[in-house]
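This is what each chain is made of:
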Amino acid sequence: MQLMLSLMLVLVFPSCEDQLESTYTYQTQVPVFLQVNSFREADIIIEPAKPLDNPGKIYIFGDYLFISEPGKGIHILDNTNPASPRNLNFINIPGTGDMAINDNILYADNYVDLLAFDISDPQDIEMVKREEDVFPNMYSNEETGTIVTYKDTLITSTDPNMSWSSWGRPAFRSDFMAMESMAAYNGGSKSGGGQSYGQGGSMARFTLLGGHLYTVDDYDLRVFSVEEPTDPQYLKNINLGWGIETIFPFKGKLFIGSMTGMHIYDASNPSDPQKMAVYEHVTSCDPVVVNDDYAFVTLRSAAVCRMGADELHVLDIKDLYNPQLIKSYPMDNPHGLGLSGDYLYLAEGEHGLKSFNVADVLEISNNRLEHLKDFTAIDIIPGPKSLIVIGPDGVCQFDYSDPEKLKKLSCINVSFR
Amino acid sequence: MKVIYTIFAATLYLACPSNSWGQAFSYTHHSEMGMLTGRDNFGERINFTFQTFNGFQLTERHAFGFVTGLDQYGSLSVVPIAMGWRAVLNPEDTWQLYGGLDLGFGSTLLEPTVVTEWNEHRWQEGGFMGQGSIGLRLKTKRANFWTLSLSYKRQIYHLTTANPLEISPDRNRPEDWSYYAKDKITFNNVVYRLGYWF
């Protein structure tokens, strides 16, 4: 008996130290090198409709919705009836980040190139132009035609120090896009030489104004002439500094939202925009919408936006050279916003969607109309037929003919991730 | 895994004394309290443990049932949920030698998810629990028993620390987190217990 007990003690004790195994899983970006020829020679294929997976940005053009899938391509939906949108087809564009639409021509980036598609018949889309090497910051070696892209990769390691390497990776043009499918505005500027522009939503880092296409990436504003829509010409590059996020055209001006503030550029000479003012604030993520007198800027705290505050700022922009903060309102977690007349629609992330009457900009918080909570809203576009709300779960449309009472029309859910 | 669940469910069902099966076999109960002892990075540790075995007597020597209780490792509470088997070598004697084997799961259902002011999320998950015991039981006048036992208990436990990147992150998707560290801790215990059996 005692023998057994002591035998058991002997057997058990040596293995009696607790074991600790720590693993660190992180998503990092592994560089993938590509030869420009490999994608230039490959045909851009129009594929049958695909379910939405990771919707990025939305463009409304006539009865159609163009929904980008960053890095992969663009979905085309027939939205003749917003209560039941129909998924038509998918343009497979590897390495795409953004798009803009001008006179039946869709512009989209394809790694370092800008592509133009004729979309006059969405059933029969044709690529009409490839403007090469206009986004050269993706080149790792321009002479050999090698570009570098970064592929999201999950790594599990037992070495805690490796997790820091994810911070050391280089910034990449579509990083901010991929991380944040957000930051909204009503990009429906109807100015410019009689051309009909599509209406862009969230994070429109491509925008059209006065016969010109403007693109922003982390540091630069690039200007393209699209006066001949099928033949975009790269004109110039303006350095803007760090953390550029969104671009919003209004009455010949470009309002550029960055992580540190809002830049205003005068684009009355569209090929040569001139800096008018910079409104600086604490570092945070901030989409912008504008009307004649005021700019509405949301500041949001988030992992990638540094120590920001969650606020809606109203700026007086009657003097564009000297924007003045009039009032700031605390918000839950504001992302994109959309302005339609006197009504402001604000995406509050997982807190849903809020609507305000902003006729009196000093009393916005007292004029809240609705707060819809049962979905996550990242971005909002007040379209001609419906208010389009984008979130990680899909794209929903609301009837806002009565701006004080939104009515849900339809939702397109993303495929299960 | 399915097989384990089936056996589990069956054990639970059968262990319940009100079931008709329970009438065919007599109900038996064994509660114990004691110390979990082991060694971690900081040195020796002694932790409190309590467990109860509820089952039915298959034969005079063998009992089969359901084990639960509480293991308190410092501030961590683990609730074992297991199947248990007890076998007595010499049921006719006053001092009896018995052995036991418990296999199942240790649950951290009492541990809440913590979110710090820095938005760091910490959550805990249980894991495999296995225990082998040997002990003595002393028959009392009323055909109940006092027990004294020595066991080896292995308990696996997971602690995840993560900072979210998404608005509504999924715990099982490391992509949704900017930092995601998982510690798997295996507690190896020598357990000393006193108990009461009827």
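*Asks:* Looking at this structure, how should I read the interface of chain B and chain A?
*Replies:* When the parts of a complex come together, some accessible area is lost, and that lost area is often used as the size of the interface. Taken together, the 37 residues of chain B in the interface contact 28 residues of chain A. Summing the contributions of chain B and of chain A, the shared interface buries around 2,900 Å²; its carbon and sulfur component is 56%. Counting the contacts that link chain B with chain A gives two salt bridges. The residue Arg45 of chain B makes a salt bridge to Asp18 of chain A at a minimum N-O spacing of 2.7 Å. Along the contact surface separating chain B from chain A lie 10 residue pairs in polar contact (both at pLDDT 80 or more).

*Asks:* Before we go on, may I ask you to explain the environment of Tyr107 of chain A in this structure?
*Replies:* Residues and elements named next belong to chain A. Along the chain, the position of Tyr107 falls in strand β8 (residues 105–110). The sequence separation of Tyr107 and Thr207 amounts to 100 residues, and the corresponding C-alpha distance is 9.9 Å. Only 2.5 Å separates the side chain of Tyr107 from the backbone oxygen of Pro229, close enough to count as a polar contact.

*Asks:* Help me understand empty space enclosed by the protein, please; the structure alone is not making it clear to me.
*Replies:* Remark: the empty space left among the atoms is shown by a probe the size of a water molecule rolled over them. Residue and element names in this part refer to chain B. Within this structure, the stated rule accounts for three cavities of 30 Å³ or more. One number sums up the size of the second largest cavity: a volume of about 40 Å³. Lining the second largest cavity we find His30, Glu32, Gln51, Arg86, Tyr98, Gly100, Ser133, Ser149, Ser151 and Arg193. Elements with a contribution of two residues or more to the lining of the second largest cavity: β1 (26–40), β5 (95–107) and β9 (145–164). Residue composition of the lining of the second largest cavity, by class: one nonpolar, six polar and three charged.

*Asks:* Can you help me understand the pattern of salt bridges in this one?
*Replies:* It is possible for side chains bearing opposite charge to pair when their charged atoms get close. Residue and element names in this part refer to chain A. One pass over the full model with this rule turns up 27 salt bridges over all chains. Put simply, Lys50 and Glu47 hold a salt bridge, and the shortest N to O gap is 3.5 Å. Residue Lys50 is classed as partly exposed on the basis of its relative accessible area, which comes to 34%. Salt bridges sharing common partners tie together Arg40, Asp113, Arg130, Glu132 and Asp133.

*Asks:* Help me understand the environment of Thr215 of chain A in this model?
*Replies:* Residues and elements named next belong to chain A. Take Thr215: it is sitting in strand β15 (residues 212–216). With relative accessibility at 2%, the residue Thr215 sits in the buried group. Here Thr215 is in contact with Phe135, Arg205, Phe206, Asp220, Leu221, Arg222 and Phe224, once residues within four sequence places are set aside.

The rules behind each value
- Residues numbered from 1 in each chain as written.
- Chains lettered and ligands numbered in written order.
- Predicted model: local features only at pLDDT ≥ 70, side-chain atom pairs only at ≥ 80, totals over all residues.
- Heavy atoms only, no water.
- Contact = heavy atoms within 4.5 Å.
- Buried area = accessible area lost by both parts, 1.4 Å probe.
- Salt bridge = Lys/Arg side-chain N within 4 Å of Asp/Glu carboxyl O.
- Polar contact = N/O pair within 3.5 Å; in protein donor to acceptor, adjacent residues only side chain to side chain.
- Helix = DSSP H or I, 4+ residues; strand = E, 2+ residues; numbered from the N terminus.
- 1 Å grid on protein atoms, 1.4 Å probe; cavity = no way out; pocket = protein on both sides within 12 Å on 5 of 7 lines; lining within 4 Å.
- Points joined across faces, edges and corners; volume = space filled by probe spheres on them.
- Nonpolar A, V, L, I, M, F, W, Y, C, P; charged D, E, K, R; others polar.
- Buried < 20%, exposed > 50% of the residue type's maximum accessible area, 1.4 Å probe, protein only.

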